[in-house]
Amino acid sequence: MELVEKFQEFKDYLRKIDYLSNALALAEWDMRVYMPKRGIEARSDMVTYISGEVYKLQTSDRMREYIEYFEGVSDLDDVMKAAVKNCRKIYDQTKKIPEDRYREFIKVASRSGTAWEEAKEKADFSIFQPYLEKVTEFKREFIGYWGYEGDRYNTLLDFFEPGITVEKLDEVFGQLKKAIVEILGKIQNSRVEVSTAVFSKYFPKQQQAEFNTMLLKKVGYDFETGRMDESVHPFTTDFGNKDVRITTHYYENEFRSALFSCLHEGGHGIYEQDIPDDLEGTLLDGGASMGIHESQSRFYENIIGRSLSFWKYFYPEIKRNFKQFDGLSLEDFYKGINRVEPSLVRIEADELTYSLHIIIRYEIEKELINGRVEVKDLPKLWNAKYKEYLGVEPSNDAEGVLQDVHWSDGSFGYFPSYALGNLYGAQFLGRMNKDIPDLFERVEKGDFEVIHKWLRDNIHRHGAVYEPSELIKTVTGEELKADYFIKYLYDKYSKIYEF
Ligand SMILES: [Zn+2]
């Protein structure tokens, strides 16, 4: 009994971190959705203060005592074990770095963000270069404090995708790259013409909002514990499982953007809404990892939302609501939303080429962290890889190496999660197809509850109790493989582009 009581005490302590983190998330949500421009300074001060309080709780002597106490107990259950392991990781992540070096890094990282903004605006890498050099140096130094096994980059990967290593990524990304380049070649030689002109007609915001809300309800996003607002870049946030919010951005001359971003964020949202109550207060009441989270959003956005079965069910609804599609067949609509075209910008990429954008970033980060390339070489290296893999070349650094914000604060190791989400998702689909042989026939009839239930029972209900590599093995019976996603891509695009 004593253990249970002690763990409850630990949970009460963690609950304080949870409350403050929710306050931060709420402040950030408001900042991106409603806050007037001039509120930024006061809000930043508030966020900095609360972040400092979170940091204190995470790294206190009391936290260390809890961690050490539970690490010495042998009969912890899975949830307790995972909670302690997670706190240990957060504790070590900051405590292993000398305080003055950490403070110095935070200063450099925030200036680096401003430099990145200016560099991107002026399409001039040289403005950002000295900052990125410093940030990179710090990260290399920190890896020394944190320690590493095998490749130095493994330590960074572990923050976002526990259990995934460079060895594993080289294997699965290597296979994936080869396959995508091959499929892309076949598509470029195909005589099938796919038009997307219809999506640029005028679609009033209100009309889109009504349709997308209906879609989200139908696939299982719960508006009783969620809401949808507008922001410049769509995102999902939550303050516990009873308040999970998504945002979208409407373009009145681009129908696909809000539609698929709603399904994407809806997938993230459904995951968070399904987290069981008893994980609240353990800091495990979220997704298993960034990559697993992406697997859920991409499952709804792509695997389901860009499938022919999905639109067999919803296209009549589209026809009823949007006169803009008069005269367009279901088949042409389906081809339109799945058109492949290599591009320079990651966030605008199609389902096939998206992973190549990520693999390029992964390859560069790995070399950079290991000191095999230097910051000054990045623009050249970036452009060469885009040319080689995608056949396109940036005309300036703003549409090349400067396009993403992630490197400015040293978030190396984060990008792979996006492509891992695709791999996890297709592997889950493989298992789901075995468990529910008539899966897509049900989708055609509008039965989405069967999918939601499978995801809830197999993935969502575990929160962050299991690491991604354990979860994928438990759910699918196999380690992470690229084969499922490759087969999925091949099947899909060979039909659309007739090869
Ligand atoms: Zn996402």
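Definitions and cut-offs
Residues numbered from 1 in each chain as written. Predicted model: local features only at pLDDT ≥ 70, side-chain atom pairs only at ≥ 80, totals over all residues. Helix = DSSP H or I, 4+ residues; strand = E, 2+ residues; numbered from the N terminus. Rg over C-alpha atoms; globule rule 2.2 N^0.38 Å. Buried ≥ 20, exposed ≤ 12 C-beta atoms within 10 Å, placed from the backbone. Axes fitted to C-alpha atoms, helices over the stretch in contact; angles between N-to-C directions. Parallel < 35°, antiparallel > 145°, perpendicular 65-115°, else oblique. Left-handed = near helix turned anticlockwise from the far one by under 90°. Contact = placed C-beta atoms within 7 Å. Nonpolar A, V, L, I, M, F, W, Y, C, P; charged D, E, K, R; others polar. Domains from an automatic or database assignment. Core = buried A, V, L, I, M, F, W, Y, C linked by C-beta atoms within 7 Å. Pairing = 2+ DSSP bridges.

Things to note about the overall build of the protein chain
- Within the protein chain, the regular secondary structure consists of 20 helices and three strands.
- In terms of C-alpha radius of gyration, the protein chain reaches 23 Å, essentially the compact-globule figure of 23 Å for 499 residues.
- When the 499 residues of the protein chain are sorted by exposure, 38% land in the buried category.

What to know about the packing of helix α5 (residues 99–122) against helix α6 (residues 125–146)
- Axis separation between α5 and α6 bottoms out at 8 Å; the angle between their running directions is 155°. Regarding the angle of α5 to α6, the classification is roughly antiparallel. Note on packing geometry: the crossing formed by α5 with α6 is left-handed. Between α5, through F105, V108, A109, R111, S112, A115, W116, E118, A119 and K122, and α6, the contact on the second element is made entirely by F125, I127, F128, Y131, L132, K134, V135 and F138.
- Residues of the contact of α5 with α6, tallied by class, amount to 13 nonpolar, one polar and four charged.

Regarding the domain arrangement of the protein chain
- Per the domain assignment, the segments making up the protein chain are domain 1 (2–95) and domain 2 (148–499).
- One C-alpha centre belongs to domain 1, the other to domain 2; they are set 29 Å apart.
- Facing the 18 residues of domain 1 at the interface are 13 residues of domain 2.
- Looking at the side of domain 1 that touches domain 2, the elements with two or more residues in it are α1 (2–33) and α4 (78–95).

Side note on the nonpolar core
- Core analysis: the biggest nonpolar cluster contains 114 residues, and L176, I359, L423 and F485 have the highest contact counts within it.
- Ranked by residue count, the leading element in this core is helix α8 (residues 166–189), at nine residues.
- Here this core spans two domains, since at least three of its residues come from each of domain 1 (2–95) and domain 2 (148–499).
- Dropping the residues within four chain positions of it, L423 is found in contact with V172, L480, A482 and F485.

Quick look at the environment of V465
- Inspection of the secondary structure assignment puts V465 in the loop between α18 (449–458) and α19 (468–476).
- When the C-alpha atoms of V465 and G286 are compared, they prove to be 9.2 Å apart, with 179 residues separating the residues in sequence.

Some words on the sheet that holds strand β2 (residues 236–238)
- With mixed pairing, the three strands of this open sheet are ordered in space as β1-β3-β2. Bordering the open sheet on either side are β1 (226–230) and β2, each of which pairs with just one other strand. The sheet shows a mean angle of 25° between the axes of neighbouring strands, direction not considered.
- The pairing of β1 with strand β3 (residues 244–248) spans five bridges and is parallel. Residue R227 lies in a different strand from β3, and its bridge partner there is R245.

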